[in-house]
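Given next are the chains, with one letter for each unit.
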Amino acid sequence: MKRAIPTGFVFVVLLLFSCGKETPKPETKTGLIAEKAMVVSAREEASRIGLEVLKNGGNAFDAMMATEMALAVTYPFAGNLGGGGFMVYRMADGSVGSMDYREKAPAAATKDMYLNPQGEVTPGLSTKGALASGVPGTIAGIFEAQAKFGKLSPAEILQPVITLASDGFVVTERQAERLQRARRQFVEVNGAGTFFDRDIQAGDTLKIPALAATLERISRNGRDEFYKGETALLLAAHMQQKGGIITEADLAGYEAKWREPLVFPYQNLKVISMAPPSSGGMTLAQILKMIEPYDLQKLGHHSPEYVQVLVEAERRAYADRNYYLGDPDFVNIPVDQLLDTVYLKSRMESFSFQAATRSEEIAQGEVHFSESMETTHYSIVDAEGNAVSVTTTLNGGYGSKVFIEELGFFMNNEMDDFSAKPGVPNMFGLVGAEANSIAPGKRMLSSMTPTIVEKDGKLWMVVGTPGGSTIITSVLQTILNVAEFGMGMQEAVESPRFHHQWLPDLVNFEPESFDSTLILTLKSRGYLINEGNSPVIGKVDAILILPDGRLEGGADPRGDDKALGY
């Protein structure tokens with residue numbers, strides 16, 4: 001048993017630390033201000049093409065199609081045709097909705113498909129190669145949304161994207177580093193001479209002619225080109241030749257699904273977020289409801305007590321997330337009970353500012369969930385006042401690393417987001433529960449949290465981020481930075497972030513971003529701090545509606561992200 005540290009000793013040490021050098025605070029910045037419309041995404045080219053669609057008479061749903069496909073060209077790390085995602089929208093008249101275009105398990109998928117004859121998980125089988133891929137949903141999603149709400153023709157929207165793929169785009173430094181790091185894996189999966197088996201340097205112009213041809217066919221023939229046309233035949237044949245199980249029938253049967261978003265109050269705000277099979281909205285709602293009774297402004301931004309309240313609420317919400325959530329078409333999720341005020345109050349009764357709660361005391365389950373960081377998000381507001389918040393992914397960086405040469409894009413490795421075997425972690429630390437086990441046609445659980453916030457009945461914020469299991473806490477802190485601490489959008493996005501997800505029982509802080517006194521105080525109260533090199537916690541792209549009706553963009557400097565507007 002560890003001895004308690006004497007209070008006087010802690011005070012002396014804290015005093016010594018407080019006299020030391022602190023991490024300098026970054027200069028407060030104001031993001032791009034626009035009068036009418038804005039697109040914020042992971043790449044300047046994608047934001048520009050989305051904005052041009054808005055300028056040319058399109059609305060947010062037309063710009064969604066353009067931005068998503070431009071990201072598929074310029075950001076193959078996460079932008080995609082071979083993946084899926086979630087979209088939350090709010091129309092100018094205040095009506096809201098959401099769409100699930102998450103990937104699905106192929107018909108030939110089985111619960112034990114990644115286990116060897118001894119019943120153990122075969123390393124790498126669910127993460128790399130053709131067997132790791134679910135049936136893609138991206139093309140179905142953007143066409144479904146655009147057909148219902150858009151104003152332009154898909155051919156008009158996609159033409160500049162086709163030109164971008166054909167004429168090429170300039171590779172950034174971050175992009176060149178990622179491509180160089182992954183090159184060996186590209187060759188391992190696809191063979192020498194695969195498209196990305198080349199020395200790509202920052203400043204190079206990269207053209208993807210096969211992708212341009214694929215997009216040209218899709219623009220001409222519509223969504224069915226991807227799911228029933230030549231593209232579908234090539235995709236299914238390639239996947240099966242590489243040992244995968246996606247068939248032409250799987251593609252032909254895929255449908256995006258309109259779902260009711262999760263809508264809940266926080267103080268004077270109305271939050272509209274994604275419901276299952278994304279865990280984002282549910283977990284965000286639980287955390288916000290648990291912290292609502294506390295005066296966060298009085299506690300102070302990034303004070304030890306502020307961090308404690310958020311960490312303890314996160315600890316409890318993630319424990320529930322990992323046990324109860326899955327695809328609602330397959331699993332009965334007790335939504336009302338999980339969001340019940342009395343229940344959530346009872347969850348926080350064991351919290352004390354004096355000492356950390358141990359994660360093993362919170363729940364008896366042995367599950368935790370931590371997924372890939374390699375996702376991308378974009379936020380759009382058009383001149384009419386319609387807003388979309390969209391998060392899309394291949395799961396891992398470049399997905400399964402399977403590159404379909406004839407089509408010009410990577411396939412996802414989304415099957416790894418299922419529980420390959422309850423109790424056994426995947427490559428991202430996931431130890432899944434039965435609710436998220438593999439079944440044919442089932443959608444895998446996700447942390448994606450595309451979110452829209454209203455204030456006084458009006459559109460106020462559009463927000464989201466990549467970051468795997470840190471998505472939820474990044475969205476949470478960005479909302480709180482503005483709502484509780486009065487930050488502008490860019491300042492809120494740039495503010496350092498921290499994260500806790502129940503298990504492993506560690507608080508992760510962005511490196512070199514938090515005061516050493518804070519860390520020491522938390523340690524003295526029993527918190528376990530990840531002192532290793534924590535990954536970037538989210539790359540938020542968001543839009544704030546200012547009191548005068550103008551828009552402020554928040555583009556995360558942790559990436560190549562860019563806000564553009566007019």
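Just so it is clear, the model here is predicted, and its values are computed rather than measured. (Residues numbered from 1 in each chain as written. Predicted model: local features only at pLDDT ≥ 70, side-chain atom pairs only at ≥ 80, totals over all residues. Heavy atoms only, no water.)

## Overview of the packing of helix α2 (residues 44–55) against helix α5 (residues 154–167)
It is the contact of α2 with α5, at a shortest axis distance of 9 Å, that shows an interaxial angle of 150°. As the angle between them shows, α2 and α5 are arranged roughly antiparallel. Judged by the twist between their axes, the crossing of α2 over α5 is right-handed. Judged by residue contacts, Glu-45, Ile-49 and Val-53 of α2 engage Ile-157, Pro-160, Val-161 and Leu-164 from α5. When the residues that make up the contact of α2 with α5 are grouped by side-chain class, the tally is six nonpolar, no polar and one charged. (Axes fitted to C-alpha atoms, helices over the stretch in contact; angles between N-to-C directions. Helix = DSSP H or I, 4+ residues; strand = E, 2+ residues; numbered from the N terminus. Parallel < 35°, antiparallel > 145°, perpendicular 65-115°, else oblique. Left-handed = near helix turned anticlockwise from the far one by under 90°. Contact = heavy atoms within 4.5 Å. Nonpolar A, V, L, I, M, F, W, Y, C, P; charged D, E, K, R; others polar.)

## Section: the packing of helix α13 (residues 304–324) against helix α17 (residues 471–483)
Working note: a packed helix pair is described by the angle between its axes plus the distance between those axes. At a minimum axis distance of 12 Å, the contact between α13 and α17 shows a crossing angle of 140°. Relative to α17, the element α13 lies oblique. Note on packing geometry: the crossing formed by α13 with α17 is right-handed. Across from Tyr-306, Leu-310, Glu-314, Tyr-318 and Arg-321 in α13, the residues of α17 making contact are Ile-472, Thr-473, Leu-476, Gln-477 and Leu-480. Grouping the amino acids of the contact of α13 with α17 by side-chain chemistry returns six nonpolar, two polar and two charged.

## Comments concerning the side chain of Arg-321
Take Arg-321: it is sitting in helix α13. In this structure Arg-321 comes out as buried when scored by relative accessible area, which is 1%. Only 2.7 Å separates the side chain of Arg-321 from the side chain of Ser-447, close enough to count as a polar contact. (Buried < 20%, exposed > 50% of the residue type's maximum accessible area, 1.4 Å probe, protein only. Polar contact = N/O pair within 3.5 Å; in protein donor to acceptor, adjacent residues only side chain to side chain.)

## Some thoughts on the sheet that holds strand β1 (residues 33–34)
By way of backbone hydrogen bonds, the strands of a sheet pair with one another, either parallel or antiparallel. With respect to topology, seven strands assemble into an open sheet ordered β1-β19-β18-β15-β14-β9-β8, the strand pairing being antiparallel. The outermost strands of the open sheet, each flanked by one partner alone, are β1 and β8 (262–266). Sitting on the sheet, α17 is in contact with β8, β9 (269–273), β14 (451–455), β15 (458–463) and β18 (541–545), with an inclination near 140° to β15. (Pairing = 2+ DSSP bridges.)

## Remarks on the pattern of salt bridges
Opposite charge on two side chains permits them to pair, given that their charged atoms come into close proximity. Applying the stated rule across the entire model yields 33 salt bridges. Close ionic contact of Glu-44 with Arg-48 constitutes a salt bridge, the shortest N to O distance being 2.6 Å. Of this pair, Glu-44 and Arg-48 both sit in helix α2, four residues apart, which is roughly one turn of that helix. The exposure class of Glu-44 is partly exposed, given its relative accessible area of 32%. For the salt bridge of Glu-312 with Arg-316, the shortest nitrogen-to-oxygen distance reads 2.8 Å. Linking Glu-312 with Arg-316, this pair stays in helix α13, spanning four residues, or about one helical turn. Arg-316 sits in the buried class, given a relative accessible area of 0%. (Salt bridge = Lys/Arg side-chain N within 4 Å of Asp/Glu carboxyl O.)

## What to know about the packing of aromatic side chains
Taken as a whole, this structure holds 28 aromatic pairs when the rule is applied. With 5.4 Å between their ring centres and 20° between their planes, Phe-196 and Phe-410 make a pair best called stacked. Of the two residues, Phe-196 sits in the loop between α6 (173–190) and β6 (205–206) while Phe-410 sits in strand β13 (residues 409–410), which places them 214 residues apart along the sequence. Overall, Phe-196 belongs to the buried group, its relative accessible area being 3%. Exposure remark for Phe-410: the relative accessible area of 4% places this residue in the buried category. For the ring pair Phe-226 and Tyr-227, a centre distance of 4.9 Å and an interplane angle of 65° mean the geometry is edge-to-face. Of the two residues examined, Phe-226 and Tyr-227, each falls in the buried class. Stacked on the ring of Trp-258, the Lys or Arg Lys-148 has its end atom at 4.4 Å from the ring centre. Here the basic side chain of Arg-178 rests over the ring of Phe-77, its NZ or CZ set 4.6 Å away from the ring centre. (Phe/Tyr/Trp six-rings, centres within 6.5 Å; stacked < 30°, edge-to-face > 60°. Lys NZ or Arg CZ within 6 Å of the ring centre and 35° of its normal.)

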